[in-house]
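# Architecture and fold: a report
One-letter residues, chain by chain:
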Amino acid sequence: MNESHATTTLLRNARIVLPNRTTEQASLLVHRDRISGLFESTTELPTSDSVIDLSGLTLFPGFIDVHIHGAVGVDTMQAAPPDLDRVSQFLATQGVTGWLPTLVPAPVADYARSIRAIEEAMKLNGGARILGVHYEGPFVNSAQCGALRLQFFRSFSGAADLDDLPLIHQQSAKHMITLAPEIDGGLELVSELNRRSWIVSVGHTRAGFELLDKAFAAGAHHMTHFMNAMAPLHHRAPGPVTWGLSREDVTCDMIADGIHLDPQILRLLLKVKGADRLSLISDAVAAAGKGDGDYEIWGETITVKDGRTSNARGAIAGSVITMLDAVRLMGSLSVSEVDLARIAALNPARLLGIDQRCGSIEEGKRADLVALDAQGNVVLTMIGGEIAFDAGKNKRQGREM
């Protein structure tokens, strides 16, 4: 029996990162697609169809990336279903078990094509699960455009303005959007999106403190790539950064690549916000996984040099990291394994409202798991109880006799 199709699989001898502690030399029983038991003693282990030895490895919940534009040469705005599946397969090698393809402001026809491709790709099973879609814009502030295309930005005048943002017609699909509440009709937009069960995040914004409080009351409780593409902190003009730092009921995501945010700022954010209210994202573009060079993305040339992206205007244009890179960087800042699991898996799952099913290693949850070695390399990724990536298959696989 192939262990990826076994009814039960025992993952043995791992260091396991649980929601509030880390175990040593423990074992995890997976039944079909679920975690069915944790065993901290090696003396009485259950029988299983397949056994995988994870000695010397640390088992984390699978990472969830809620903001990623592409990788391995694939742009989510242009991708066909097999292309998106190729991204999913690549992400599995990086410990990612779920992701939101993220779209930039574009013509209506481009949105429609992208959503059709995402819907079809969700039916494939080649790696990290596509969990829905993230629209970055088009309702954002032109003064904080970043690398987004100004000609496709919009204001909001009524519910009909959302009708040409196509939805994924699968019940489990999540719809997230980044917007600036200060645009014309912005507060009404937040209310309408909240009524339609969208996840609303504030970004590409220069909104003031009072307006942001109103946006929160209307349903915007999260902030996109915090501190990037928003008005900076100013001691006489409390804007989005002050708001995000001061409100304990606001969560934020951040790009931990050492470029978008200096490592000392990452330390500060963890100190001020705490690991319970922060999530990692990659904000990766199609060049991720490809190396330095020039790439045609979003109708312009984006140059990657020494891991830094830039467009013709000199603006940073996304990143070329993966969630694994972000986890490694945060680990180098002495962030605990428990907190790494929170910011890379549990908090993104909470943001999407799926934390009762995944995002942490607990009995009854989906077996979405990643095993890392001491250097932070992915050795094994399991998605829904099946092996999606195994870097050392021939060394570790075994079978109960």
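Before reading on, note that the structure itself is shown above.
Residues numbered from 1 in each chain as written. Predicted model: local features only at pLDDT ≥ 70, side-chain atom pairs only at ≥ 80, totals over all residues. Heavy atoms only, no water.

## Observations regarding empty space enclosed by the protein
Put simply, the rule is: We place a 1 Å grid over just the protein atoms. Points where a 1.4 Å probe fits but has no way out form a cavity, open points with protein on both sides within 12 Å along at least 5 of 7 lines form a pocket, and any residue with an atom within 4 Å of a point lines it. Grid points are joined across faces, edges and corners, and a volume is the space filled by probe spheres set on the points. Secondary structure elements are defined from DSSP: runs of H or I of at least 4 residues count as helices, runs of E of at least 2 residues count as strands, and each element is numbered from the N terminus. Polar here means any residue other than Ala, Val, Leu, Ile, Met, Phe, Trp, Tyr, Cys and Pro, which are nonpolar, and Asp, Glu, Lys and Arg, which are charged; Gly is therefore polar.
A complete count under the given rule lists 1 cavity of 30 Å³ or more for this structure. Estimates place the volume of the largest cavity at around 40 Å³. As for the largest cavity, its lining consists of Val17, Leu18, Pro19, Pro61, Val338, Ala341, Arg342, Leu346, Gly359, Ser360 and Ile361. Of the residues forming the lining of the largest cavity, the biggest block, 4 residues, is contributed by helix H8 (residues 337-352). Tallied by class, residues from the lining of the largest cavity come to 8 nonpolar, 2 polar and 1 charged.

## Here's the deal with the packing of helix H3 (residues 186-195) against helix H4 (residues 209-218)
This is how it is decided: In this analysis an axis means a line fitted to C-alpha atoms, helices contributing only their contacting stretch, and an angle means the value between N-to-C directions, from 0 to 180 degrees. Roughly parallel here means an angle under 35 degrees, roughly antiparallel means over 145, roughly perpendicular means 65 to 115, and every remaining angle is called oblique. Crossings are sorted by hand: turned counterclockwise from the far helix by less than a right angle, the near helix makes the crossing left-handed, and turned clockwise it makes it right-handed. We call two residues contacting when some pair of their heavy atoms lies within 4.5 Å.
The geometry of H3 relative to H4 is characterised by a closest axis approach of 8 Å and an angle of 20 degrees between their N-to-C directions. Classified by the angle between their axes, H3 and H4 sit roughly parallel to one another. For the element pair H3 and H4, the recorded crossing hand is right-handed. Residues Leu187, Val190, Ser191 and Asn194 of H3 form the contact with H4, whose participating residues are Leu211, Lys214, Ala215 and Ala218. Its residues assigned to classes, the contact of H3 with H4 shows 5 nonpolar, 2 polar and 1 charged.

## Quick look at the side chain of Asp75
Spelled out, the test is: For every residue, the accessible area (1.4 Å probe, protein chains only) is compared with the maximum for its type, and the residue is labelled buried under 20%, exposed over 50%, or partly exposed between those bounds. Within this scheme the basic residues Lys and Arg register as positive and the acidic residues Asp and Glu register as negative, but His and the chain ends are omitted. What makes a salt bridge here is a side-chain nitrogen of Lys or Arg within 4 Å of a carboxyl oxygen of Asp or Glu, nothing more.
Locating Asp75 in the fold gives a position in strand S8 (residues 74-75). The charged side chain of Asp75 is buried without a salt bridge, its nearest counter-charge being Arg149 at 7.1 Å. Contacts of Asp75, omitting those with residues within four sequence positions, involve His69, Ala286, Ile297 and Trp298.

## Remarks on the pattern of salt bridges
All told, the structure shown has 20 salt bridges when counted by the stated rule. Note that Asp110 is salt-bridged to Arg113, the shortest N-O span being 3.4 Å. Of this pair, Asp110 and Arg113 both sit in helix H2 (residues 108-121), separated by 3 residues, roughly a single helical turn. The class for Asp110 is buried, based on a relative accessible area of 19%. Between Asp368 and Arg366 there is a salt bridge, with its nearest N and O atoms 3.0 Å apart.

## Overview of the layout of surface pockets
If you add up the space inside the largest pocket, you get close to 560 Å³. Along the walls of the largest pocket sit 28 residues, with Asn125, Gly127, Arg129, Arg366 and Ile383 positioned nearest its centre. Listed by contribution, the elements that provide at least two residues to the lining of the largest pocket are helix H1 (81-93), strand S10 (129-130) and strand S22 (386-390). By residue class, the composition of the lining of the largest pocket is 11 nonpolar, 9 polar and 8 charged. Quantified by volume, the second largest pocket comes out at close to 250 Å³. Lining the second largest pocket are 16 residues; nearest its centre among them are Gly146, Ala147, Ala229, His260 and Ile316. Residues that form the lining of the second largest pocket fall into these classes: 7 nonpolar, 7 polar and 2 charged.

## Considering H1
Threshold: Expected helix span is computed as 1.5 Å times (number of residues minus one).
With 13 residues, H1 extends 19 Å between its outermost C-alpha atoms, agreeing within 8% with the 18 Å of an ideal straight helix rising 1.5 Å per residue. Here H1 has its buried residues at Leu84, Asp85, Val87, Ser88, Phe90, Leu91 and Ala92. Just downstream of H1, Gly95 is the residue with a positive phi angle, here 85 degrees.

## Section: the pairing of strand S2 (residues 22-31)
Moving residue by residue along a regular strand, the side chains alternate between the two faces of the sheet. Applicable threshold: Between any two strands, pairing holds if DSSP finds at least two bridges.
The pairing of strand S1 (residues 8-17) with S2 spans 7 bridges and is classified as antiparallel. Across the sheet, Val17 pairs through a bridge with Thr22, a residue of S2. Remark: 2 residues form the turn of the hairpin made by S2 and strand S3 (residues 34-39), two consecutive strands paired antiparallel; Arg32 in that turn has positive phi of roughly 55 degrees.

## As for H2
In a regular helix each residue adds 1.5 Å, so 14 residues correspond to 20 Å; H2 covers 20 Å between its end C-alpha atoms and thus fits that length. Where H2 is buried, its residues meet H1, strand S9 (96-103), S10 and strand S11 (132-136).

## Concerning the environment of Asp355
Turning to its location among the elements, Asp355 is positioned in the loop between H8 and strand S20 (369-372). Taking the relative accessible area as the measure of exposure, Asp355 reaches 19% and is therefore buried. As for Asp355 and Ala345, which are separated by 10 residues in sequence, their C-alpha atoms are 9.0 Å apart. For Asp355, the residues in contact, after removing those within four places along its chain, are Leu346, Ala349, Arg350 and Lys365.

## Observations regarding the environment of Leu162
Relative to the elements of secondary structure, Leu162 occurs in the loop between S11 and strand S12 (174-179). A relative accessible area of 4% places Leu162 in the buried class. Remark: the alpha-carbon pair of Leu162 and Glu192, spanning 30 residues in sequence, is separated by 8.9 Å. Residue contacts for Leu162: discarding those within four places in its chain leaves Phe139, Phe156, Leu189, Glu192, Leu193 and Arg196.

Bear in mind that shape data such as this cannot, by itself, settle questions of function.
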